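# Topology and contacts: notes
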Amino acid sequence: MPDCFRRREDSDQESLHSTNNITSIVLLGFPNLQNFTFPFFSLLVLIFCGTISGNLLIMVLYLVSKTLQSPMYFFITQLSLCDLLLTTDIVPVLLHTVLYGGSTITLIGCINQFFFFASSEFSECLLLSVMSYDRYVAICNPLRYHSIMNHRVCVILVSIIWLMGSMVTSILVFSQFHLHFCGPHIVDHFYCDLEPILQLSCSDTSTIYVESLVLGSIFSIVPFIVIVMSYMYIIITILKFPTNTRRYKAFSTCSSHLIVVSIFFGTLFIVYMSPTKDQSLTLRKILSLVYTVVTPLLNPIIYTLRNKDFKEASLKINLVFCPGHVEM
């Protein structure tokens, strides 16, 4: 008798996972824009073009400029790559959603969007912590900086970051493929995040919630702690410098990174660490809009406008391609 019950239970589980009541999902986005649809759409197009061009510019400048061949700028190019991945994953669907009042995406497409979104977010968390450690070594242990943060170490660190980001997301995606989705097929959001996807499922999602909580805590809180500790040592070291000029120069190399960290982790913690019931859906969408759409635009602006090396590299490119214009 136990074997019969076991075989019947296994059969029921197989039939449960083999069929889904929904194959496509409707993303509502921002349904109450009314007369602001075209201005909002135009703003998103400008942000999208600015994000793509700004991050591509950083990557091109790093490749063509000898003055930017350092670990700090190598990590900045990887941050730009994260931003490009996030932007191309989220914004095109968002533009369609805003313009037409909604967007239809397949269930597989929705899970794939989550994979690229989560991979870039996990990778960016780890990358920002490595960038803070890089600044720690440069300021607190400058004599050993080039031996510790050599090119081989940087490449290995970045490879591990991308690999871990993909592997962690794959665990969550693998769990999603074992769920039964029965609807409703409407998601009141502008992209496929984990919680909206799980709300479409009739299966027990408690295990995935625990997985996401554990993995999210490890790959967001631990990097944040590394960043805080790194900057505590950096600040202590800077205060010991004998001259104000040296203090200002040291702090200026860290200020751009601090601004990026504050914006990224600030919105991330508000959205994912605060109780969902305490947030209105509109506020949650706006905050999500900040770190998925606005932050990838701000990162290249912050790093290029506040950085003398990027300005000099840009000027050299202008001299090469537009010599007559520069002379004028």
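First, a word on what this report is: a plain description of the structure on this page. (Residues numbered from 1 in each chain as written. Predicted model: local features only at pLDDT ≥ 70, side-chain atom pairs only at ≥ 80, totals over all residues. Heavy atoms only, no water.)

## Comments concerning the overall build of the protein
Heads up, the condition is: Secondary structure counts use DSSP, requiring at least four H or I residues in a row for a helix and at least two E residues in a row for a strand, with both numbered from the N terminus. Buried, partly exposed and exposed residues are distinguished by accessible area as a fraction of the type maximum, computed with a 1.4 Å probe on protein chains only: under 20%, between the cut-offs, and over 50%, respectively.
Each helix and strand counted, the protein has 13 helices and 3 strands in total. For the protein, with 328 residues in total, the buried portion stands at 45%.

## A look at the nonpolar core
Stated formally: Put simply, a nonpolar core is a bunch of buried Ala, Val, Leu, Ile, Met, Phe, Trp, Tyr and Cys residues held in one set by side-chain atoms that sit within 4.5 Å of each other. A contact between two residues is defined here by any heavy atoms of the two lying within 4.5 Å.
Phe75 and Leu128 are the most contacted members of the largest nonpolar core, which totals 87 residues. The leading source of residues in this core is helix H4 (residues 107-140), at 16 residues. The contact partners of Phe75, leaving out residues within four places of it in the chain, are Leu127, Val130, Met131, Asp134, Met149, Cys154, Leu157 and Val158.

## As for the packing of helix H2 (residues 37-64) against helix H3 (residues 71-100)
As a reminder, the rule being used: Orientation is described by lines fitted to C-alpha atoms, with helices fitted over the stretch in contact, and by angles between N-to-C directions that extend from 0 to 180 degrees. For classification, angles of less than 35 degrees are called roughly parallel, those exceeding 145 degrees roughly antiparallel, those between 65 and 115 degrees roughly perpendicular, and all remaining angles oblique. Left-handed describes a crossing in which the near helix is turned anticlockwise from the far one by less than a right angle; the clockwise case is right-handed. In this classification, Asp, Glu, Lys and Arg are treated as charged, Ala, Val, Leu, Ile, Met, Phe, Trp, Tyr, Cys and Pro as nonpolar, and every other residue, Gly included, as polar.
Where H2 meets H3, the closest approach of the two axes is 9 Å, and the angle between their N-to-C directions is 160 degrees. It follows that H2 is roughly antiparallel to H3 by the angle criterion. Our pair here, H2 against H3, has a crossing hand that is left-handed. Classifying every residue of the contact of H2 with H3 gives 21 nonpolar, 7 polar and 1 charged.

## A closer look at the sheet that holds strand S1 (residues 24-27)
The criterion, for reference: For two strands to be treated as a pair, DSSP must find no fewer than two bridges joining them.
Reading across the sheet, the 3 strands line up as S2-S1-S3 and stay open at both edges, with mixed pairing between neighbours. The open sheet has two free edges, formed respectively by strand S2 (103-106) and strand S3 (186-187), since each of these has just one partner strand. Direction of pairing for S1 relative to S3: parallel, over a ladder of 2 bridges. Paired with Val26 across the bridge in S3 is Ile186. Most of the contacts of H4 go to S2, to which it runs at about 90 degrees, and overall it touches S1 and S2.

## Concerning the pairing of S1
Strand direction decides the pairing type here: S1 and S2, joined by 4 bridges, are antiparallel. Opposite Ser24, over in S2, you have Thr106 as the bridge partner.

## A short note on the state of the cysteines
Applied cut-off: The criterion for a disulfide is a pair of cysteine sulfur atoms lying within 2.5 Å.
By the definition in use, this model includes 2 disulfides. Paired by a disulfide, Cys110 and Cys192 hold their sulfur atoms 1.9 Å apart. Across the disulfide from Cys110 to Cys192, rotation about the S-S bond amounts to roughly -120 degrees, and the bridge is consequently left-handed. Of the two residues, Cys110 is situated in helix H4 and Cys192 in the loop between S3 and helix H7 (194-198); the sequence distance between them amounts to 82 residues.

## Looking at the side chain of Thr97
With respect to the secondary-structure elements, Thr97 resides in helix H3. Using a relative accessible area of 1% as the deciding quantity, one classes Thr97 as buried.

## Quick look at the packing of aromatic side chains
The condition that has to hold: Two aromatic rings from Phe, Tyr or Trp, using only the six-membered ring of Trp, form a pair when their centres are within 6.5 Å; if the ring planes differ by under 30 degrees the pair is stacked, by over 60 it is edge-to-face, and anything between is tilted. Cation placement over rings: the criterion is NZ of Lys or CZ of Arg within 6 Å of the ring centroid and within 35° of the ring normal.
What the rule picks out here adds up to 16 aromatic pairs. Ring centres 4.9 Å apart and planes at 55 degrees place the aromatic pair Phe117 and Tyr191 in the tilted group. Of the two residues, Phe117 is situated in helix H4 and Tyr191 in the loop between S3 and H7; the sequence distance between them amounts to 74 residues. Each ring, one from Phe224 and one from Phe265, has its centre 5.4 Å from the other, and the planes form 50 degrees; the classification is tilted. Residue Phe224 is located in helix H9 (residues 221-239), and its partner Phe265 is located in helix H10 (residues 244-273); the two are separated by 41 residues in the primary sequence. For Phe224, a relative accessible area of 30% gives the class partly exposed. Chaining the aromatic ring pairs together yields one cluster made of Phe30, Phe40, Phe117, Phe190, Tyr191, Tyr272 and Tyr291. The lysine or arginine in question, Lys285, covers the ring of Phe30, its NZ or CZ lying 5.7 Å from the ring centre.

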